[in-house]
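# A closer look at the structure
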Amino acid sequence: MATALGEKNVLVLQGGGALGSYQAGAVATLMGAGHAPDWVAGISIGAINAAIICGNPPEKRVERLRELWSRMTSGLQVSPLSDDVVVRRAFNEFSAATTATFGVPGFFSPRPSLPLLWPANETSVSIYGTKPLRETLLELVDFDRLNSGETRISIGAVNVRTGNFRYFDSQNERITPEHIMASGALPPGFPPVEIDGELYWDGGLVSNTPLQYVLEMCGPRDHMCIFQIDLFSARGPAPTTLIDVSQREKDIRFSSRTRLNTDVFRDLQTIRRHIRRLSERLPEALRDDPDWRALSDFGCGAAITIVQLIHRAAAYETNSKDYEFSRYTMMENWSAGVRDVETTLAHPAWRDRTPPDHGVAILDLTKEQDS
């Protein structure tokens, strides 16, 4: 549904495992405020959330998101004794160890024995099996609706054989449970997924955000408001322990492409919009010049607003935060997504915004929460 400013609403959902409950809370709040998406692009856990959104009618999307995350966090429903940093770190590490040992209900389950001891076959290349995820997707997602064109969905994955990144897009092909599973098939934990005779792994191996794809695929006059919901923050304090080093390294690694794509596209789109404006004032004698024709094809008049919603790590979170699937932490992450959207939508910079004159505006209205 177009915004009051004539924009398409787009959701860009980054990968991040258990942190995906932050996305679910944010999306639920956005839709409750009337920002239903026209297009959802996701990678890894973002692809799973995207499938739930696009594969259900608007009135059932939040309910289905709650059901997904309730199911995936049903394995550990106890609460920590307190929110003291030391206690919470111990609780989170225990929860992550439980996940590593027993898997996640409705998502993945451990192999019965070490794959290292097995002969080479389809079950010897991963620690866990993802059959439970396929069953969950078939139960919670209407794939006929997902492919109906009502809401466009784009899913990123990596070809195991060639190493090439690929997007599967409902605008061009039918999306199946296998496409969703492929986008989240992070090795060596999860097995690759076969699609049309090729094996695919998690798209996060190449780029953990689908922002670049969305920006490249927008039309020359497709004004868009992109809600970019990231699960790893580029900003953070300097580490003081080896545990902190591991977490900080992961944050930087998985957020780096997002930051690069945003900065590069902002500059590029400004140039493209100037070219489009110049074409309207160019003398007739120059319009057939080959150099100008090449430039004019590159022009783009789209005005794009990127709203950044970023999960900021709590003091007690560690490197295991993306596979810590306790119910307690899931509810914290969901609530954080709700708060960040409410803060953003109440901010004067959002309420008073207009389409950006130079092509791209970037709003990060919760950044004061950074450490």
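Note on numbering: residues in each chain are counted from 1, in written sequence order. Two thresholds apply to this predicted model, a pLDDT of at least 70 for residue-level local features and 80 or more for giving and counting side-chain atom pairs, whereas whole-chain, interface and lining totals are computed over all residues. Computation of side-chain values: all heavy atoms of the structure, hydrogens and water removed.

## Points about the overall build of the protein chain
From N to C terminus, the protein chain includes twelve helices and eleven strands. Against the globule reference of 21 Å for 371 residues, the protein chain gives a C-alpha radius of gyration of 21 Å, in line with a compact fold. Considered along the principal axes of its C-alpha atoms, the protein chain spans approximately 75 × 50 × 40 Å. Classification of the 371 residues of the protein chain by burial places 53% in the buried group. Note that accessible areas follow from Shrake-Rupley with a 1.4 Å probe, and for residues the cover is restricted to the protein chains shown. Element-wise, carbon and sulfur atoms account for 57% of the exposed surface of the protein chain, whose accessible area totals about 16,600 Å². Each charge sign in the protein chain was given a centre, from 38 positive and 46 negative side chains, and these centres are 2 Å apart. Secondary structure elements are defined from DSSP: runs of H or I of at least 4 residues count as helices, runs of E of at least 2 residues count as strands, and each element is numbered from the N terminus. For the radius of gyration, the atoms used are the C-alpha atoms, and the globule rule reads 2.2 Å times the number of residues raised to 0.38. Partly exposed describes any residue whose relative accessible area lies between the buried limit of under 20% and the exposed limit of over 50%, with all areas from a 1.4 Å probe on protein chains only and scaled to the type maximum. Charge assignment in this entry is limited to Lys and Arg as positive and Asp and Glu as negative, and neither His nor the chain termini are counted. For charged residues, the charge sits on one atom: NZ in Lys, CZ in Arg, CG in Asp, CD in Glu.

## Remarks on the side chain of D202
If you trace the backbone, D202 turns up in strand β8 (residues 198–202). At 2.7 Å, the side chain of D202 and the side chain of S44 are in polar contact. Any two residues whose heavy atoms approach within 4.5 Å are treated as being in contact. Setting aside its immediate chain neighbours within four residues, D202 contacts I43, S44, V158, A182, S183, G184, A185 and L186. Whenever two N or O atoms come within 3.5 Å, that pair is a polar contact, provided that in protein one can donate a hydrogen and the other can accept it, and provided that, for residues adjacent in sequence, both atoms are side-chain atoms.

## Re the pairing of strand β10 (residues 304–310)
On any regular strand, side chains alternate: one points to one face of the sheet, the next to the other face. Judged by how many residues are buried, β10 sits mostly within the fold: seven of seven residues are covered. Covered by surrounding structure in β10 are I304, I306, Q308 and I310 together with T305, V307 and L309, the residues of both alternating faces. Alignment of β10 against strand β11 (residues 360–363), held across four bridges, turns out to be parallel. Bridge assignment links T305 to a residue of β11, and that residue is A361. One bridge is not enough; two strands pair if DSSP finds at least two bridges between them.

## Comments concerning unusual backbone geometry
The residue after P187, namely P188, is reached through a cis peptide bond having omega -5°. Examined against the element boundaries, P188 turns out to sit in the loop between α7 (177–183) and β7 (193–195). Even without being a glycine, S44 presents a positive backbone phi close to 60°. One can find S44 in the loop between β2 (39–42) and α2 (45–54).

## Section: the side chain of T318
The residue T318 is located in the loop between β10 and α11 (327–346) in this model. Judged by relative accessible area, T318 falls into the buried class, the value being 6%. For T318, the side chain forms a polar contact with the side chain of E93, separated by 2.3 Å. Setting aside residues no more than four positions away along its own chain, T318 makes contact with R89, E93, I243 and Q247.

## What about the pattern of salt bridges?
Salt-bridge detection follows one rule: a side-chain nitrogen of Lys or Arg within 4 Å of a carboxyl oxygen of Asp or Glu. This model, assessed by the stated rule, comprises 19 salt bridges. Taking the shortest distance from any N to any O, the salt bridge between D83 and R88 comes out at 3.3 Å. Take R88: its relative accessible area is 0%, and that puts it in the buried class. We note a salt bridge from E178 to R134, for which the minimum N-O separation is 2.6 Å. Of this pair, E178 sits in helix α7 while R134 is found in helix α5 (residues 131–140), placing the two residues 44 residues apart along the sequence.

## Regarding the packing of helix α1 (residues 20–32) against α11
Lines fitted to C-alpha atoms define the axes, with helix axes restricted to the stretch in contact, and inter-axis angles between N-to-C directions lie between 0 and 180 degrees. Close contact between α1 and α11 brings their axes to 7 Å; oriented N to C, the two are set at 40°. With respect to α11, the element α1 is oriented oblique. Seen from above, α1 lies across α11 with right-handed handedness. Of α11, the residues touching α1 (which contributes S21, Y22, A24, G25, A26, A28, T29 and L30) are M330, N333, W334, A336, G337, V338, D340, V341 and E342. Residues are grouped as follows: Ala, Val, Leu, Ile, Met, Phe, Trp, Tyr, Cys and Pro are nonpolar; Asp, Glu, Lys and Arg are charged; all remaining types, including Gly, are polar. A breakdown of the residues in the contact of α1 with α11 according to their chemical character gives ten nonpolar, five polar and two charged. Angle categories: roughly parallel below 35 degrees, roughly antiparallel above 145, roughly perpendicular from 65 to 115, and oblique for all the rest. A clockwise turn of the near helix away from the far one marks a right-handed crossing, whereas an anticlockwise turn of less than a right angle marks a left-handed crossing.

## Considerations on the environment of H347
One can find H347 in the loop between α11 and α12 (348–351). Its relative accessible area of 29% is what places H347 among the partly exposed residues. Through-space distance from the C-alpha of H347 to that of S95 is 36 Å; in sequence the pair is 252 residues apart. Of the polar contacts made by the side chain of H347, one reaches the backbone nitrogen of A349; its length is 3.0 Å.

## Some details on the UniProt feature "active site" (unreviewed entry) in the protein chain
UniProt positions are given in the numbering used here, feature names are shortened, and annotations may be inferred rather than shown by experiment. Cross-referencing UniProt, the feature "active site" (unreviewed entry) maps to S44 and D202 in the present numbering. Taking the farthest pair of C-alpha atoms as the criterion, the annotated set spanning 159 residues converges on one region, since that pair is 6.0 Å apart. Lining residues of the largest pocket drawn from the annotated list: S44 and D202. Excluding residues that lie within four positions of it along the chain, S44 makes contacts with G15, S183, G184 and D202. A residue is classified by how much of its surface remains accessible, and D202, at 3% relative accessible area, is buried. A cavity, in this analysis, means grid points on a 1 Å lattice covering only the protein atoms where a 1.4 Å probe fits yet has no way out; a pocket is instead an open set bounded by protein on both sides within 12 Å along at least five of seven lines, and a residue lines either one if it has an atom within 4 Å of a point.

## Let's talk about the environment of A361
Within the element layout of this structure, A361 appears in strand β11. With relative accessibility at 22%, the residue A361 sits in the partly exposed group. C-alpha of A361 to C-alpha of I304: the two residues are 57 residues apart in sequence and 6.4 Å apart in space. In contact with A361, not counting residues within four places along its chain, are I304, T305, I306 and P356.

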